[in-house]
Amino acid sequence: MFCEVPIKSTCRKKLLKFALQSTDWELGKKESGGSYTFMATRVPYEIFKDDVFLNFYLNNILGIKNKKNLTGLIFKMKPKTFYVPHTDTNRTHTINLLLNDECESTTFFVKDEFRPSQVNVEFLEYDKDKYYVLNTQELHSVVNKNQDRYVFSFGNNKISYDEVVKSVDKEYKLNKWQGISNVIIGEKNIGWELDIKWKNI
């Protein structure tokens, strides 16, 4: 489902400043012919080029050499809005960073059906300046409460969520994880336990 990266962002404030100054959030409609309904804008690599973890992800995991025209995404949510639970159609995973200094919002993943009208969920509570790897092939959603919510997001469909988590663990030694499916971390086979709680390695 998701895991926390044990290294802090060094570019969150720059990204937040960029987001607050942006006026065009119709990227999705432009690039998908109107079918993409998320509010989003592109952010150039120049803004986050000095971030240690993002460069590790781009260089060592994705193997991107030419970053001249590279961009990430910033998603915006209006207050009192809700993302319908969904899976991403063109991303196997994302690296997410909540940009707000403070934000009353809740991210959750749908685990399984409890009853016909109820499902079990796993909550992701973002810590300030922390990156999270999300498995976007699992149903997920966000409820936003009191203010505009900004999230930096970078992902692709060339490498799986499990592969990204294993690479991050090898470099940074993950301390905790959540709902990772069939992946070996720290020589411990977690298997298919999608209902596991926070565990120490």
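The shown structure was predicted, so the numbers you read here are calculated from the model rather than taken from an experiment.

A.B. asks: Report on the packing of aromatic side chains, specifying residues and quantitative values.
C.D. replies: Summed over the entire model, instances satisfying the criterion amount to 13 aromatic pairs. Measuring from centroid to centroid gives 6.0 Å for Tyr-57 and Phe-154, while their planes differ by 80 degrees, and the two rings are edge-to-face. With Tyr-57 in helix H4 (residues 52–61) and Phe-154 in strand S10 (residues 149–156), the pair connects residues that are 97 residues apart, well separated along the chain. The burial state of Tyr-57 is the same as that of Phe-154; both residues are buried.

A.B. asks: I'd like a rundown of the environment of Phe-123, residues and numbers included.
C.D. replies: Position of Phe-123 among the secondary structure elements: in strand S7 (residues 118–124). Sequence separation between Phe-123 and Phe-109 is 14 residues, and the spatial gap between their C-alpha atoms is 6.5 Å. Filtering out sequence-adjacent residues up to four positions away, Phe-123 remains in contact with Phe-2, Thr-106, Thr-107 and Phe-108.

A.B. asks: Summarise the packing of H4 against helix H5 (residues 161–172); cite the residues concerned and give the values.
C.D. replies: Here H4 crosses H5 at 120 degrees, and the two axes come no closer than 11 Å. One element, H4, and the other, H5, form an angle in the oblique class. Where H4 crosses over H5, the two elements pack in a sense that is right-handed. Residues Val-52, Phe-53, Phe-56, Tyr-57 and Ile-61 of H4 form the contact with H5, whose own contacting residues are Val-164, Ser-167, Val-168, Glu-171 and Tyr-172. Tallied by class, the residues present in the contact of H4 with H5 amount to eight nonpolar, one polar and one charged.

A.B. asks: Hey, could you go over the sheet that holds S7 for me, with residue numbers and the actual values?
C.D. replies: Here we have four strands laid out as an open sheet, ordered S4-S9-S6-S7, and antiparallel in their pairing. Each of the sheet's edge strands pairs with one partner strand only, and the pair in question is strand S4 (81–82) and S7. Note that strand S6 (residues 105–115) and S7 share seven bridges and pair antiparallel. Opposite Arg-115, over in S7, you have Gln-118 as the bridge partner.

A.B. asks: Got a sec to walk through unusual backbone geometry? Specific residues and values, please.
C.D. replies: Notably, Asp-129 is not glycine yet its phi reads approximately 70 degrees, a positive angle. Looking at where Asp-129 falls in the secondary structure, it is placed in the loop between S7 and strand S8 (130–135). Its identity as a non-glycine residue notwithstanding, Lys-173 has a phi of 55 degrees, on the positive side. For Lys-173, the location among the structural elements is in the loop between H5 and strand S11 (177–178).

A.B. asks: Explain the side chain of Arg-12 to me, and be specific about the residues and the numbers.
C.D. replies: On the secondary structure map, Arg-12 appears in helix H1 (residues 12–21). Not counting chain neighbours up to four residues away, the residues in contact with Arg-12 comprise Leu-97, Leu-98, Leu-99, Asn-100, Asp-101, Lys-128 and Asp-129.

A.B. asks: Which residues make up the environment of Lys-68, and what values go with them?
C.D. replies: Here Lys-68 lies in the loop between H4 and strand S3 (71–77). With 23 residues separating them in the primary sequence, Lys-68 and Tyr-45 have C-alpha atoms 7.7 Å apart.

A.B. asks: Lay out the nonpolar core with the relevant residues and their values.
C.D. replies: The biggest cluster of nonpolar side chains holds 35 residues, and the ones touching the most others in it are Leu-15, Phe-48, Phe-53, Tyr-57, Ile-74, Leu-99 and Phe-152. For this core, the secondary-structure elements that each account for two or more residues are strand S1 (2–8), H1, helix H3 (45–48), H4, strand S5 (93–98), S8, S10 and H5. Looking at this core element by element, the count peaks at six residues for H4. Not counting residues within four places of it along the chain, the set of residues in contact with Tyr-57 comprises Leu-62, His-93, Ile-95, Phe-154, Gly-155, Asn-156 and Val-164. By size, the runner-up hydrophobic cluster in this structure holds ten residues, among which are Met-1, Leu-98, Cys-103 and Val-151.

A.B. asks: How would you sum up the environment of Leu-98? Please name residues and give values.
C.D. replies: Counting through the fold element by element, Leu-98 comes out in strand S5. Overall, the relative accessible area of 10% leaves Leu-98 in the buried class. Along the sequence, Leu-98 and Val-151 sit 53 residues apart, while their C-alpha atoms lie 4.5 Å from each other. Beyond its immediate sequence surroundings of up to four residues, Leu-98 is in contact with Arg-12, Cys-103, Tyr-126, Arg-149, Tyr-150 and Val-151.

What counts and how
- Residues numbered from 1 in each chain as written.
- Predicted model: local features only at pLDDT ≥ 70, side-chain atom pairs only at ≥ 80, totals over all residues.
- Heavy atoms only, no water.
- Phe/Tyr/Trp six-rings, centres within 6.5 Å; stacked < 30°, edge-to-face > 60°.
- Helix = DSSP H or I, 4+ residues; strand = E, 2+ residues; numbered from the N terminus.
- Buried < 20%, exposed > 50% of the residue type's maximum accessible area, 1.4 Å probe, protein only.
- Contact = heavy atoms within 4.5 Å.
- Axes fitted to C-alpha atoms, helices over the stretch in contact; angles between N-to-C directions.
- Parallel < 35°, antiparallel > 145°, perpendicular 65-115°, else oblique.
- Left-handed = near helix turned anticlockwise from the far one by under 90°.
- Nonpolar A, V, L, I, M, F, W, Y, C, P; charged D, E, K, R; others polar.
- Pairing = 2+ DSSP bridges.
- Core = buried A, V, L, I, M, F, W, Y, C linked by side-chain atoms within 4.5 Å.

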